[in-house]
Amino acid sequence: MPNRRFRNVIRIGPVQVATFYDSRGREKHTAACTAPRCGFSADYDSRAAAELAARTHRCPAR
């Protein structure tokens, strides 16, 4: 996996949301849960979608 340079990183609960450029130079947004044994992460085309996923994520590791 290439080294992604994340920017505009925020935390919503246990989930971090960040912006990066993919291998084709397109801006993407990711949401990833930092809780141990959770494993949730997803990439989105819009920042709003990534933040919505972070707000509605219910971590099964709790």
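The shown structure was predicted, so the numbers you read here are calculated from the model rather than taken from an experiment.

### Concerning the sheet that holds strand S2 (residues 15-21)
Consideration 1: With antiparallel pairing, the 4 strands of this open sheet are ordered in space as S1-S2-S3-S4. Sheet topology places strand S1 (7-12) and strand S4 (41-44) at the edges, where each strand pairs with a single neighbour. The sheet shows a mean angle of 20° between the axes of neighbouring strands, taken without regard to direction.
Consideration 2: For S1 and S2, the ladder comprises 4 bridges, and the chain directions are antiparallel. For Arg7, the partnering residue across the bridge sits in S2 and is Thr19.

### Here we look at the pattern of salt bridges
Consideration 1: Within the structure shown, the criterion is met by 5 salt bridges.
Consideration 2: The closest approach of N and O atoms between Glu27 and Arg7, which form a salt bridge, is 2.4 Å. In this pair, Glu27 sits in strand S3 (residues 27-33) while Arg7 sits in strand S1, placing the two residues 20 residues apart along the sequence.
Consideration 3: In this structure Glu27 comes out as partly exposed when scored by relative accessible area, which is 38%.
Consideration 4: A residue is classified by how much of its surface remains accessible, and Arg7, at 35% relative accessible area, is partly exposed.
Consideration 5: Here Arg55 ties to Glu51 by a salt bridge, and the two come within 3.7 Å at their closest N and O atoms. Here Arg55 pairs with Glu51, and both are found in helix H1 (residues 47-56), just 4 residues apart, close to one helical turn.
Consideration 6: Counted as one network, the salt bridges with shared partners bring together Arg47, Glu51 and Arg55.

Definitions and cut-offs
- Residues numbered from 1 in each chain as written.
- Predicted model: local features only at pLDDT ≥ 70, side-chain atom pairs only at ≥ 80, totals over all residues.
- Heavy atoms only, no water.
- Pairing = 2+ DSSP bridges.
- Helix = DSSP H or I, 4+ residues; strand = E, 2+ residues; numbered from the N terminus.
- Axes fitted to C-alpha atoms, helices over the stretch in contact; angles between N-to-C directions.
- Salt bridge = Lys/Arg side-chain N within 4 Å of Asp/Glu carboxyl O.
- Buried < 20%, exposed > 50% of the residue type's maximum accessible area, 1.4 Å probe, protein only.

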